[in-house]
Amino acid sequence: MSTGLWLEALVAGRRLRPSENVQETTPRALLRRVEPGPARRRTRHTVCLAGEQVRAPSTASLALGPGRAGWLALCVLLALGACYRGHEGGAPALDEDVEVAESTGWGDAEDDVEAERDDGSTGAVADDPPLPSPAREISVVRVEANQGVAVELGAAPADSDVPLITGRKTLIRAFWEIEPTWSAREVDAELLLVYPDGTGETIVRRRFVDQASTHDTLDGSFAWVLAPELVRPGMRYAIELFEAEIDGTVDPATPSNRVPSVGTAAITLAPGQQRIRVTLVPFRHHFDGCQRQPPTDLDTVMSFVGALEASNPVQGVDLVLHPTELWTGPMPNFTAVLERLIELRTDEDADPNMYYYGLVFPCDGGESGVGGRGYVPNGPTVENGTLRTSMGRWYANNRTAALSHFVHEIGHNQGRRHVPCTGNEANPDLAYPHEGGVLARWGFGIHDWTLHPPGETFDYMSYCHPRAPSDYTWKATLEIIEELTSWSYDRPPAEVPRTTLLVGSLRADGTQVWWTMLGPANVDGTHEIELRGGGRRLGMVSAARYVASDETTVLVVAPVGTLLDGADSLVYDDGLVRREIGIADVRGRP
């Protein structure tokens, strides 16, 4: 039996409905093994909507707010497992629509086993089914776990140094080697998962094996996609191969065909919570008779969440859809959008671990040749909260490009610079270890199940395509994500004194904008701003200088408190250009 699922929600008087339905299917109930042929697991997905539970096409939690009042916007807390309510009928937690031959959950063994028969009745099973034979002339030679970047399990440290995290959808792949005498036939690969509390899962994957194992398709390996709730701290695994055809004549002396040969092996997982918080700010552009704005329907918003989840080591992304911002006049310089976003996050007293991303669809085409722009903080500190600000384009006929810009610019806000690829990148990261900006390991899209081949795919911080996360970027962003996430959970950041900041945005076209706002008082400055009044120097204040992703846009920040009160001008000299501006031209000053 299959049931179409859909979510209908009222947001500021509008109805939102995903464009596609999701089908649920129920597998035949099994005790030990099944007749040849795939079955599908039935899963339940739950969404939190204004305190109610409704069925939705993704493991998601949505908090939907009513527009600008208190600026409670559409708050999308889409998470891999957030608000997840489990599986109907006690079914084990395989990822949805994974074809399996069998999956059983278990705990402490009992003498009498209760099972559901084909007719729906239950009772003790008197006789065990025939035992399968260990597979012959085939062996598992490599096991990988992949949450976005492949990690060889049981490998030397150099090949297993990419962290895996708990509570994230995970691809397990077992690659085989066959002997010259192999004859094509079906093989059952049994994945055993064991947890510290004594529970476990046994999941069987059946494959017709007629050639050597390959990486380039999932069918080239025994593959299991584990749902987030199966990826737990302290988990261990083993994989055993059996002949799919059961002849009932198993020689007890036949050795098992398993990895590891005895017992189970550990899957090391990074502890704790790993999440990203983003406020998505759509801009409505009114200019020269044109009115444009990016779409903000549920399907579009979920695609932004999914793109960021797939590219970062997180359990989920908490995304807030901000009320639309109106932009009138031309949009020739995207740095002006960044300036508006900084003012927004300051006015709204945004948390320092919240990213702000502006989404624009310019009537006049916007800044020529630029898909997005973002600041590049130099560390996961509270003081750098203002710099977690970026923006990018929406493309009417190319959502993929818009999502790619989104992931790329948030990467800049995580401190990542451009990965060299074309040789024309601004502010390149010369420490990137793989020549040409390519991936060195297989990637995997946890939502679309796309495999990203090394040598042909490029890091998403490069200018080349196609793009996916590399092992280098994955490890670097995990450190940032863990620190910022801790501020919302177990390690709130220490209170930072706040004062009036003088902020200068020095644009690539030579124009400049200065304003004042509240912010952290302990800015680590390596530059200075001269304050002048009555034709003389009143003093010098320390200033920090931050460069954006284009390497030409600069943000200058100086804690000034009340020092501007007696000044009539300021001078900033970065060693390249000397700039002088009147205090009356500083926004926020009387």
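See the structure above.
Position numbers for residues count from 1 along each chain, tracking the sequence in the order it is written. The predicted origin of the model limits local features to residues at a pLDDT of at least 70 and limits the giving and counting of side-chain atom pairs to 80 or more, whereas totals for whole chains, interfaces and linings rest on all residues. Side-chain metrics rest on all non-hydrogen atoms present in the structure, leaving aside hydrogens and water.

Caption draft 1: Region of the structure containing the state of the cysteines. Any two cysteine sulfur atoms within 2.5 Å of one another count as a disulfide. On inspection of all chains with the given rule, the structure shows 2 disulfides. Covalently, Cys421 is tied to Cys464 through a disulfide, its sulfur atoms 1.6 Å apart. An S-S torsion of about -95° defines the bridge between Cys421 and Cys464 as left-handed. Placement of Cys421 in the loop between helix H3 (399–413) and strand S32 (443–444) and of Cys464 in the loop between strand S34 (458–459) and strand S35 (467–468) is noted, with a sequence separation of 43 residues between them. For the pair Cys421 and Cys464, a shared accessibility class is recorded, and that class is buried. In this description a helix means any DSSP run of H or I spanning at least four residues, a strand means any run of E spanning at least two, and both kinds are numbered starting from the N terminus. Throughout, exposure labels follow a simple rule: accessible area from a 1.4 Å probe, protein chains only, divided by the maximum for the residue type, with under 20% read as buried, over 50% as exposed, and the rest as partly exposed.

Caption draft 2: Highlighting the pattern of salt bridges. Any carboxyl oxygen of Asp or Glu within 4 Å of a side-chain nitrogen of Lys or Arg constitutes a salt bridge here. Enumeration over the complete set of coordinates arrives at 27 salt bridges. As a salt-bridge pair, Glu343 and Arg340 come within 4.0 Å of each other at their nearest N and O atoms. Taken together, the residues span about one helical turn, with Glu343 and Arg340 both in helix H2 (residues 335–347) at a distance of 3 residues. Salt bridges here are not isolated pairs; linked through shared partners, they connect Arg136, Glu137, Arg185 and Glu243.

Caption draft 3: Structural view of the sheet that holds strand S20 (residues 222–226). The pairing criterion is simple: DSSP has to find at least two bridges between the two strands. The sheet built from 4 strands is open, its strands ordered S15-S14-S17-S20 with antiparallel pairing. Pairing within the sheet leaves two strands with one partner each, and these edge strands are strand S15 (150–152) and S20. Averaged over all adjacent pairs, the angle separating strand axes in this sheet is 25°, with direction ignored. Direction of pairing for strand S14 (residues 138–146) relative to strand S17 (residues 170–178): antiparallel, over a ladder of 8 bridges. Bridge pairing links Ser139 to Glu177 in S17. Only the stretch in contact is used when fitting a helix axis, every axis being a line fitted to C-alpha atoms; angles between N-to-C directions are given from 0 to 180 degrees.

Caption draft 4: Structural view of the environment of Gln291. Among the secondary structure elements, Gln291 is positioned in strand S26 (residues 290–292). For Gln291, a relative accessible area of 61% puts it in the exposed group. Apart from the residues lying within four places of it in its own chain, the contact partners of Gln291 are His285, His286 and Cys363. Distance and chemistry together define a polar contact, namely a pair of N or O atoms within 3.5 Å, with one atom able to donate a hydrogen and the other to accept it when in protein, and with adjacent residues in sequence counting only for side-chain atoms on both sides. Side-chain polar atoms of Gln291 contact the side chain of His286, separated by 3.3 Å. Residue contacts follow a heavy-atom distance rule, with two residues in contact if any of their heavy atoms lie within 4.5 Å.

Caption draft 5: Up close: H2. Given a helix with a known number of residues, its expected span is that number minus one, times 1.5 Å. The end-to-end C-alpha distance of H2, which contains 13 residues, comes to 19 Å, matching closely the 18 Å that a straight helix rising 1.5 Å per residue would cover. Here H2 lies mainly inside the structure; 11 of its 13 residues are buried. Those residues of H2 lying buried are Thr335, Ala336, Val337, Leu338, Glu339, Leu341, Ile342, Glu343, Leu344, Arg345 and Thr346. Asp349 occupies a position one or two residues after H2 and carries a positive phi of about 50°.

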